[in-house]
Amino acid sequence: MSVPDYMQCAEDHQTLLVVVQPIGIVPEESFFRIYKRISAVSQVNVRDSQRVLYIRYRHHYPPENNEWGDFQTHRKVVGLITITECSSAKEWPQTFEKFHLHKEMYGSTLYDSRLFVFGLQGEITEQPRTDVAFYPSYNECETVEKRIEDFIESLFIVLESKRLDRATDKSGDKIPLLCVPFEKKDFVGLDTDSRHYKKRCQGRMRKHVGDLCLQAGMLQDSLVHYHMAVELLRSVNDFLWLGAALEGLCSASVIYHYPGGTGGKVGSRRAQGGSLSAEAGNRHRPGALTSNGINADTSAEIGRAKNCLSPEDIIEKYKEAISYYGKYKNAGVIELEACVKAVRVLAMQKRSMEASEFLQNAVYINLRQLSEEEKIQRYSILSELYERIGFHRKSAFFKRIAAMQCAAPSIPEPGWRACYKLLLETLPGYSLSLDPQDFSKGTHRGWAAVQMRLLHELVYASRRMGNPALCVRHLSFLLQTMLDFLSDQEKKDVTQSLESYTAKCPGTMEVITLPDGLKLPPVPFTKLPIVKSVKLLNLPTSLRPHKMKSLLGQNVSTKSPFIYSPIIAHSRGEERNKKIDFQWVQGDVCEVQLMVYNPMPFELRVENMGLLTTGVEFESLPAALSLPAESGLYPVTLVGVPQTTGQITVNGYHTSVFGVFSDCLLDNLPGVKTNGCTVEVIPALPRLQISTSLPRSAHTLQPSSGDEISTNVSVQLYNGETQQLIIKLENIGTELLEKLEVTAKTVNTKEKLYGDFLTWNLEDTLCQFPLKPGKIATFIVNIKVKLDFSCQENLLQDLSDDGISVSGLPLSSPFRQVVKPRVETKPLNPQESSKVGDFSHVKTLEAILNFKYSGGPGHAEGYYRNLALGLHVEAEPSVFFTRISTLPATSTRQCHLLLDVFNSTEHELTISARNNEDLILHSGECQRMAIQVDKFNFESFPESPTDGAQLANAKQLEEERQQARGLEINSKLDIWEASVEGVLNQLVLEHLQLAPLQWGEWCQNRLMIFFRESTEALGHGMFYPQHFYVSCKFQIKSPGHQQIVIKAFAFKANLTLCSIF
């Protein structure tokens, strides 16, 4: 016997072998449809008997294997069923002749045969025949199963007769010697009368009767015969047949212990047969079998248990039988099949290590030169058996060999589809899955080198099958999952191959379904490039939406009546990982920043990279980037525009690399850091863009609040100069600009400003609102620089009387003698004056203009935007008042204010004051000018901390008073305005103040005159007795800054002290 049956199992020893074959030309589909119906009748309860016959069908069986039927009866073809087509009566004789020729192939062993004829009609079909069945067509053959059952009953009759005939042989009769084919020549010339020869004949016949009993459904009898055969054959060292007897004993014991079978499908087939009535009848027949092969009779059970081997003994006997088979070179097929049967039994017993020893022995059994198909079958069965015992990698190894055998060079037409299918079946054994998500969890499992080899073989098989989509999918999987194990050269080779395949068939994210139903999931390139972090970016400062405080307060109050709730805090803590605390705006470009790096040893080009979102309608704007080789972390910004409002969730990104389109989800990216995935999209707001009449500034303002300045402008002005800043407000959005508020604040300056630095009239601009998209409105801001004009006196050379030109006074004026400044005219605070001592120092002023605007749907929801304009002003010095003093005038209500004016500019200045002639100053020139001014009443200014603003101490109070008083004393300098507020000292202020004594005259209850004079004039007044009275008010300040007021009244020249307050 040269062709092994790898599907053999122990319970096949109780089956009858029936061959089903076509005669003539029969469509393959039609043949297998009938064959399937025939093979469904695999077990039959024999009529008038409680035994069950088991049938094993084959549509192909080598005739040489039939020669081993005496050695093991289950290998003998006892039944033949042929299927043919015959369309006319003329063809019938020839068809029937072919049927007889087929019978001659197995004639020596056949018990019975049948011929099924399809398509023939007429008189011939009406003739009653037991061996031929006629059917009009393949669809009209309802009695096929019934005829098969009758056929099997006929087989049972022959089997039973043979069993009885062999079992009733007397010991005195001459028993024939049963032989296997290769033994016949060895027994020529032996002494047939020797005791040794007779025992050999008896032992072999006893084993043969045991086979017949087992096939006839008599398990107990078969066990008895097998034991007797073992004893007889062991005594004569008939090792080949002793092994067969031991194997038969093992098979019968396996049927007893494992009624469900060890071959899987056979066991399930066997469970369908039998009925309760059959089992009930078997209980009254000692030695008979039930449908499961187990007798319910107690005495029979006891007898069977004594003869039946235990599960452990079964394996030992199998080992012994296989060792005997191994002594004969021509028994290789028998040895191989015995190993397979033992492995199936060990698999049922969960004894994997012992099973692997049997399989290892089966691998090294040397058979004749096998065909490629036989090799494929052998390796496939070995793989299946290794899989059953849990040796998955060993199973994958043999299945891969079978796959490679399908495409062997010696095969004229290689079966690449079969090769591909077998290769797919090897993947689990090598811890390889075609789902890329399985490789993103934990460490890598399996041998990467073997896995890469297997994936390359899948790619090659796919290409030879002519399926480029499969090539792209497997190459993408190889590149994605094995990237860390590929060398630099392998990475280049794989990517080049992938690009060549995608040029014909681009890679997609669609699931590929194979003909057998297997689905290949898509392979996104999450490692090309590798993303380490994903961060949703806030809008630029000028575009960020802000919630109005009133509306924000209402929303917060409706959430909870409590100031603090731990439940709310806990829920916010859970939501922090997903929800982001800023908003995006409908219709505005939003950004997401990815930190990526290129792991490839060459430049990586990524095309069509964009965002994947859910929640709102989102227009992704794809980007293309080129990453240098092994670039390290590289920031990539992806942008898009939300088209509707609501909650938007960024789920991932999509790319196109090497012609493969990938949708990469953040959930499938292990170790990716993110600041959240969900952000709120609020309704659309207008967008404001500003342009100014001033040039942009190189200085960037850094406000303490952290706000960013969108635009910075700069201007250079002289101290005291005023200039207009024209700002153009353009609505560059798509919504109406309806509301506008402007505020300003000075930042980052230590200089003291006098007066308003920035002034504007917003009403003129608001008249142009609402501002439509694309329209421009004009906004004018007045910039007025007014700093300290004082200068330290030691910076300039003292002015002598001879070199001074006093404007407004004649040169012969007696006041020239006191024009030279005194020491008291020095600035009040020397430390502050030292800071501004350098008259050429340029001072810097900075301010921020904030434009708060809103409109459109966002305005209805209570949102607005804020745009900041930074203003950088460099104030150059113009004139300095180096000295200041006063001289009395001809009137006590006036005085002369003497100012030493220094021109620190490079230009010629013309200085004009009220009621004075113009004074021309050249660059670097200092001249004195005299200005006649009226004295002032400072009663309206705060005298103590309880009046006006609350100040920290007396020193600050004094400074505030001097500044307030200085506001009343100014000089006009052409288009600029200079102030003396910073140069007034206490002595000058006293000279400019009216006398503290105030008195007036009334006559006939009418005020005649009212004037203020010094206290020395009290003794020189004229008093009249008639209805005339004098009111006098004297106001002084005590050293402790307490004010004392004395009021006195006189009538008819009599002065009386009334009260002191």
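Cut-offs and rules
Residues numbered from 1 in each chain as written. Predicted model: local features only at pLDDT ≥ 70, side-chain atom pairs only at ≥ 80, totals over all residues. Heavy atoms only, no water. Helix = DSSP H or I, 4+ residues; strand = E, 2+ residues; numbered from the N terminus. Buried < 20%, exposed > 50% of the residue type's maximum accessible area, 1.4 Å probe, protein only. Contact = heavy atoms within 4.5 Å. Phe/Tyr/Trp six-rings, centres within 6.5 Å; stacked < 30°, edge-to-face > 60°. Lys NZ or Arg CZ within 6 Å of the ring centre and 35° of its normal. Axes fitted to C-alpha atoms, helices over the stretch in contact; angles between N-to-C directions. Parallel < 35°, antiparallel > 145°, perpendicular 65-115°, else oblique. Left-handed = near helix turned anticlockwise from the far one by under 90°. Nonpolar A, V, L, I, M, F, W, Y, C, P; charged D, E, K, R; others polar. Pairing = 2+ DSSP bridges. Polar contact = N/O pair within 3.5 Å; in protein donor to acceptor, adjacent residues only side chain to side chain. Salt bridge = Lys/Arg side-chain N within 4 Å of Asp/Glu carboxyl O. Expected span 1.5 Å × (residues − 1). Core = buried A, V, L, I, M, F, W, Y, C linked by side-chain atoms within 4.5 Å.

## Some words on the side chain of Arg-163
Mapping Arg-163 onto the fold places it in helix H4 (residues 144-167). Judged by relative accessible area, which is 8%, Arg-163 ranks as buried. In this structure Arg-163 touches Arg-51, Leu-212, Cys-213, Ala-216 and Met-218, once residues within four positions along its chain are discounted.

## Notes on the packing of aromatic side chains
The full count for this structure, using the stated rule, is 24 aromatic pairs. For the pair Trp-68 and Phe-182, a centre-to-centre distance of 6.0 Å together with 40° between the ring planes defines the contact as tilted. With Trp-68 in the loop between strand S3 (52-58) and strand S4 (77-85) and Phe-182 in the loop between H4 and helix H5 (195-215), this residue pair connects regions lying 114 residues apart in the sequence. For Phe-182, a relative accessible area of 16% translates into the label buried. Counting every residue linked through ring pairs, the aromatic cluster contains Trp-68, Phe-71, Phe-182, Trp-241, Tyr-325 and Tyr-328. Of note, Lys-327 hangs over the ring of Phe-239, and the distance from its end group to the ring centre comes to 5.4 Å. Sitting over the face of the ring of Tyr-863, Lys-547 holds its NZ or CZ atom 4.3 Å from the ring centroid.

## A look at the packing of helix H6 (residues 219-235) against helix H7 (residues 239-257)
Interaxial distance between H6 and H7 falls to 9 Å at its minimum, and their mutual angle equals 155°. Considering the angle they form, H6 stands roughly antiparallel to H7. Judged by the twist between their axes, the crossing of H6 over H7 is left-handed. Two secondary-structure elements touch here, H6 through Leu-219, Ser-222, Leu-223, Tyr-226, His-227, Ala-229, Val-230, Leu-233 and Arg-234 and H7 through Trp-241, Leu-242, Ala-245, Leu-246, Gly-248, Leu-249, Ala-252, Ser-253 and Tyr-256. Per-class residue counts for the contact of H6 with H7 are 13 nonpolar, four polar and one charged.

## Brief notes about unusual backbone geometry
Most of the time, phi is negative for any residue but glycine, and the peptide bond is trans. Residue Pro-529 is reached from Leu-528 by a cis peptide bond, and omega for that bond is -5°. Residue position: Pro-529 is located in the loop between strand S8 (519-520) and strand S9 (530-536). Between Phe-769 and Pro-770 the backbone carries a cis peptide bond, its omega angle lying at 0°. One non-glycine residue, Asn-608, adopts positive backbone phi at about 50°. Within the secondary structure, Asn-608 is located in strand S13 (residues 604-614). On the basis of relative accessibility, which here comes to 33%, the residue Asn-608 falls in the partly exposed class.

## Focus: the pairing of S3
Strand residues, when the strand is regular, have side chains that alternate between the two faces of the sheet. Where burial is concerned, most of S3 is hidden: six out of the seven residues are buried. In the sheet, strand S1 (residues 15-23) pairs with S3 via five bridges, with the strands oriented parallel. In the sheet register, Val-18 faces S3, and the bridge partner there is Tyr-57. Between the antiparallel neighbours strand S2 (residues 43-45) and S3 lie six residues, among them Asp-48 with a positive phi of about 60°.

## Regarding the environment of Phe-397
By the secondary structure assignment, Phe-397 is in helix H15 (residues 392-406). Taking C-alpha positions, Phe-397 is 7.5 Å from Ser-383, a pair spaced 14 residues apart along the chain.

## Some thoughts on the side chain of Arg-865
When you line up the elements, Arg-865 lands in strand S28 (residues 863-876). Within the local environment of Arg-865, its side chain forms a polar contact with the backbone oxygen of Leu-543, the two atoms lying 2.8 Å apart.

## Considering the pattern of salt bridges
Tallied over the entire structure, the rule returns 25 salt bridges. Close ionic contact of Lys-207 with Asp-211 constitutes a salt bridge, the shortest N to O distance being 2.5 Å. Remark: Asp-211 and Lys-207 occur in helix H5; sequence separation between them is four residues, near one turn of the helix. On the accessibility criterion, Lys-207 (1% relative accessible area) is buried. By relative accessible area, Asp-211 is classed as buried at 3%. Between Glu-425 and Lys-399 there is a salt bridge, with the nearest N and O atoms lying 3.1 Å from each other. Separated by 26 residues along the polypeptide, Glu-425 in helix H16 (residues 416-426) and Lys-399 in helix H15 bring together distant segments of the chain. Residue classification places Glu-425 among the partly exposed residues on the basis of a relative accessible area of 37%. Residues joined by salt bridges that share partners form a network here, namely Glu-183, Arg-200, Arg-204 and Asp-238.

## Here's the deal with the sheet that holds strand S29 (residues 879-888)
Pairing within the open sheet is antiparallel, and its three strands lie in the order S29-S30-S33. Each edge of the sheet is formed by a strand with only one pairing partner; in this case those strands are S29 and strand S33 (926-934). Across the sheet, the mean angle from the axis of one strand to that of its neighbour is 25°, orientation sign disregarded. Judged from the nine bridges that link them, strand S30 (residues 894-903) and S33 form a sheet pairing that is antiparallel. Looking at S33, one finds that Leu-898 is bridged to Ala-930.

## With respect to the pairing of S28
Taken across its 14 residues, S28 has 11 buried, putting it largely inside the fold. Where strand S10 (residues 545-547) lies against S28, three bridges are found, and the strand directions are antiparallel. The partner of Lys-547 across the bridge, within S28, is Tyr-863. Pairing between strand S22 (residues 711-718) and S28: eight bridges, direction parallel.

## Observations regarding H7
When the terminal C-alpha atoms of H7 are compared, their 26 Å separation across 19 residues agrees well with the 27 Å that a helix rising 1.5 Å per residue should span. With 17 of its 19 residues buried, H7 lies for the most part within the structure.

## Regarding helix H13 (residues 352-363)
Here H13 spans 16 Å end to end across 12 residues, near enough to the 16 Å set by a 1.5 Å rise per residue. Buried-residue contacts for H13 involve helix H11 (311-325), helix H12 (332-348) and helix H14 (372-388).

## Here's the deal with the nonpolar core
With 84 residues, the main nonpolar core has Tyr-420, Leu-479, Leu-528, Trp-584, Leu-594 and Phe-658 as its most contacted residues. Among the elements that line this core, the one with the most residues is helix H17 (residues 448-465), at eight residues. Once residues lying within four places of it in the same chain are set aside, the contact partners of Tyr-420 are Leu-458, Ala-461, Ser-462, Met-465, Leu-470, His-474, Leu-514 and Leu-520. Formed by 71 residues, the second largest nonpolar core is a distinct cluster that contains Met-218, Ala-229, Ala-244 and Leu-382.

## Side note on the packing of H12 against H14
Between H12 and H14, the shortest axis-to-axis distance is 9 Å and the interhelical angle comes to 20°. Judged on the interaxial angle alone, H14 and H12 are roughly parallel. Here H12 and H14 pass one another in a crossing that is left-handed. Facing H12, whose interface residues are Val-340, Val-343, Arg-344, Ala-347 and Met-348, H14 presents Glu-384, Leu-385 and Arg-388. For the contact of H12 with H14, the residue count by class is five nonpolar, no polar and three charged.

## Things to note about the environment of Glu-372
Relative to the assigned elements, Glu-372 resides in helix H14. For the pair Glu-372 and Ala-408, spaced 36 residues apart in the sequence, the C-alpha separation amounts to 8.0 Å. Every residue in contact with Glu-372, bar those within four places of it in the chain, is listed here: Gln-405, Ala-408, Ser-410 and Ile-411. At 2.4 Å, the side chain of Glu-372 forms a polar contact with the side chain of Gln-405. Polar side-chain contacts of Glu-372 include one of 2.9 Å to the side chain of Ser-410.

## Concerning the sheet that holds strand S26 (residues 776-784)
Spatially, S21-S23-S26-S25 is the arrangement adopted by the four strands of the open sheet, whose pairing is antiparallel. Looking at strand neighbours, the two that pair on one side only are strand S21 (688-692) and strand S25 (758-760), the edges of this open sheet. Along the sheet, successive strands turn relative to each other by an average axial angle of 30°, direction set aside. Here S21 runs beside strand S23 (residues 722-731); their pairing, made up of five bridges, is antiparallel. The residue of S23 that forms the bridge with Leu-688 is Asn-731.

## Topic: the environment of Val-531
Relative to the elements of secondary structure, Val-531 occurs in strand S9. Taking the C-alpha atoms as reference points, Val-531 and Lys-673, separated by 142 residues in sequence, lie 9.2 Å from one another. Look past the residues within four positions of Val-531 in its chain and what remains in contact with it is Thr-526, Leu-594, Met-595, Val-596, Tyr-653 and Val-672.

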